[in-house]
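Given next are the chains, with one letter for each unit.
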Amino acid sequence: MSDIQWETVIGLEIHTQLKTKSKLFAGTDTTYGASPNSQVSLLEAAVPGTLPVFNEKVLRYAIRFGLAVGAKVIAKESRFDRKNYFYPDSPKGYQITQLNHPIVEHGLLAIQGDDGKQKKIRINRAHIEEDAGKSVHDKYAEFSGIDLNRCGTPLIEIVSEPDLSSAKEAVAYMKEIHTIVTHLGICDGNMQEGSFRCDANVSIRPKGQQKLGTRTELKNINSFRFVEKAINLEVKRQIKVIESGQKVVQETRLYDADKHETRSMRSKEEANDYRYFPDPDLLPVHIDQAYIDNEKQFIPEFPAAKIQRYVEDLGIKTDDANTIANGKELSLFFDDTVALLKQAKAISVANMLLGEYSALLKAKDTGFESQPIKASQLSGLLDELALGNISHKISKVVLEKLWNSDLTATTIIKQEGLAQVSDSSELEAIVKDLISKNQSQFQEYKEGNMKMFNFFVGQVMKGTKGRANPAQVKSILEKL
Amino acid sequence: MLINRKEVEQIAVLAKLSVSEGEIDAIAASMDSVVEMINHINEADTNAVKPMANPMDAVQRLRADVVTEKSNKDKLLSLSSQVDEDYYLVPTVVE
């Protein structure tokens, strides 16, 4: 064992499946989970004479990703290349990708680094390419089964610079990209279904050394947890290799979650030569600045910016701001409700949504997206509460009555006689009536028993079914 | 020799072609003549020529994101020598 301190260097390649109805180069259905080979056109089957036609949605989605990560380059001219390899899940014998003229280059993404500070990770590029089919290995002893449904599904491959220094940072980066593509609505983010997959390039070097060590590539790691585990394992393995006097071999390795190991995937003899060349079937894609600018309207406010706005402008607690901002439907509903408030403060919306409203959703086993109550109804309710027209207790009753109703909170309060009794003469009469019926308790209160004070407040609330203004009841009692 | 035996072997691997020992020299010689012919292109002075992505003076046509293709499953599967439960069967490719 040596005393060398090792530093980890990681770059990630994230394959993001785009949420389009049809494939990248043909009008073939992309719906997940269809029966094997039922979604394969002549193009994906590589029948001679077929030609690819580019799906414009893919171009727009890729531009939106570029805008979201502040890419310096969104190419006015991008091109397609062929990456040649033989594998049964790709009948053409090549993958159409963008090697030399990708659509997006030089973006930046902020994550929380290991030191707790914000760290900016450079995104080298994001390029458009097609997915391959799927091989099924466990179904047959001597064969692999091939399902070409996924073949030709649009992807953007997002390639980071080797700016990540630990498995933890890699996961933070991956989660941030996941947030961006799902909030953009360009990817469903479903990792079980393979919509969001990651390869990690991992190397180590002595701390302080500039030159990068030899890297290995960990393939297709399909959960955040596995990314962390696989990278940590691989780093340990590389340290062991180097410290025992050997060299790390540049190769592709597979993470085996069951055996908890990484192992070499390709034999050394096999020449990995993809012989890229420009795809002659596809012309260069030309767009102008107006085309790019037009996509800006589809870039939402991302959680990181939302959190800052909620905390700084609206005075929401950081934890609550986090919860709201990270729930896509929740934050939309929150923003809509806050925008409609006339009297109440934004913080009351946060408290209501995370408190009673969430509890109610949970009890009814549904989510924010079901919108059982409209933003205008909720803001109306909170305004009534802020104006003192109803008590807090009654606000919960009104909330339940608003459920799947078209009525406004104000209408419900009127119709059901739920308005807070603030008329002091009315309240005074109630209090006096109670005293006459409970003389001994009143005597005890007069002698300084504060329990009796609460008894009377409670009785008034009960008598008015919660409609009395507690503060007013107190002041009436104090005067008597 | 522009193409040596090793290169022939490697190209054969990439192209998934089986080439017997006895054939290699002949193939190398024949590839030689192809390379020799192609090499003439290198003699052209292209210093003043702008790189060209495509000889057609046109840009890529874009398609709307709609499903237009019908399933060709049965027709395509019938072209394969081995299928089972709608899967194409190929020699095991586990790595």
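Predicted model only: the values in this text are computed from it and were never measured. (Residues numbered from 1 in each chain as written. Chains lettered and ligands numbered in written order. Predicted model: local features only at pLDDT ≥ 70, side-chain atom pairs only at ≥ 80, totals over all residues.)

(A) Structural context of the overall build of chain B. A tally of helices and strands in chain B yields three helices and three strands. When its helices and strands are written in sequence order, chain B yields α-α-β-α-β-β. Taken over the C-alpha trace, chain B has a radius of gyration of 22 Å; the compact-globule value for 95 residues is 12 Å, which it surpasses by more than 25%. Seen along its three principal axes, the alpha-carbon backbone of chain B occupies a region of about 55 × 45 × 25 Å. Looking at chain B residue by residue over its 95 residues, the buried ones come to 7%. (Helix = DSSP H or I, 4+ residues; strand = E, 2+ residues; numbered from the N terminus. Rg over C-alpha atoms; globule rule 2.2 N^0.38 Å. Buried ≥ 20, exposed ≤ 12 C-beta atoms within 10 Å, placed from the backbone.)

(B) Representation of the confidence of the model for chain B in the model. When pLDDT is averaged along chain B, the result is 89; 98% of the residues meet or exceed 70. Both confidence scores are given for the complex: pTM 0.79, ipTM 0.87. (pLDDT = per-residue confidence, 0-100.)

(C) Representation of the domain arrangement of chain A in the model. Residues and elements named next belong to chain A. Parsing chain A into structural domains produces domain 1 (6-295), domain 2 (301-415) and domain 3 (424-479). Inter-centroid distance (C-alpha atoms) of domain 1 to domain 2 is 40 Å. Counting residues at the interface gives four residues for domain 1 and four residues for domain 2. Per-element accounting of the side of domain 1 that touches domain 2 gives the leading share, three residues, to helix H2 (residues 167-184). Residue composition of the side of domain 1 that touches domain 2, grouped by class: two nonpolar, two polar and no charged. (Domains from an automatic or database assignment. Contact = placed C-beta atoms within 7 Å. Nonpolar A, V, L, I, M, F, W, Y, C, P; charged D, E, K, R; others polar.)

(D) Representation of the interface of chain B and chain A. Across the contact, 35 residues belong to chain B and 45 residues belong to chain A. The biggest single contributor to the side of chain B that touches chain A is strand E3 (residues 87-91) of chain B, with five residues. Its residues assigned to classes, the side of chain B that touches chain A comprises 19 nonpolar, seven polar and nine charged.

(E) Broad picture of the pairing of strand E15 (residues 261-264) of chain A. Residue and element names in this part refer to chain A. Across four bridges, the pairing between strand E14 (residues 252-256) and E15 is antiparallel. Note that in E15 the partner of Arg 253 across the bridge is Ser 264. Hairpin geometry of E14 and E15 is characterised by an intervening segment of four residues between the two adjacent antiparallel strands and by a positive phi of about 55° at His 260. (Pairing = 2+ DSSP bridges.)

(F) Examining the packing of helix H13 (residues 439-446) of chain A against helix H14 (residues 450-463) of chain A more closely. Residue and element names in this part refer to chain A. One way to put it is that H13 packs onto H14 with a least axis distance of 7 Å and a crossing angle of 130°. Between H13 and H14, the crossing angle belongs to the class labelled oblique. In the packing of H13 onto H14, the handedness of the crossing is left-handed. Facing H13, whose interface residues are Gln 441, Glu 444 and Tyr 445, H14 presents Met 452, Phe 453, Phe 455 and Phe 456. (Axes fitted to C-alpha atoms, helices over the stretch in contact; angles between N-to-C directions. Parallel < 35°, antiparallel > 145°, perpendicular 65-115°, else oblique. Left-handed = near helix turned anticlockwise from the far one by under 90°.)

(G) Broad picture of the sheet that holds strand E5 (residues 81-84) of chain A. All names here are of chain A. Spatial strand order, E6-E5-E16: three strands in an open sheet with antiparallel pairing. Edge strands, defined here as strands with exactly one partner in the open sheet, are strand E6 (94-97) and strand E16 (277-278). Both E5 and E6 contribute to a ladder of four bridges, which runs antiparallel. Bridge pairing in E6 links Asn 84 to Tyr 94.

(H) Highlighting the environment of Asp 423 of chain A. With respect to the secondary-structure elements, Asp 423 of chain A resides in the loop between helix H11 (409-415) and helix H12 (424-437). Distance in space between the C-alpha atoms of Asp 423 of chain A and Asn 469 of chain A is 9.3 Å, their sequence separation being 46 residues.

(I) Structural view of the nonpolar core. All names here are of chain A. Ala 62, Phe 65, Ala 170, Tyr 173, Ala 200 and Val 227 are the most contacted members of the largest nonpolar core, which totals 61 residues. Sorting elements by how many residues they give to this core places H2 first, with nine residues. Ignoring any residue separated from it by four or fewer positions in sequence, one finds Tyr 173 in contact with Leu 12, Leu 109, Ile 111, Ile 121, Ser 160 and Leu 164. (Core = buried A, V, L, I, M, F, W, Y, C linked by C-beta atoms within 7 Å.)

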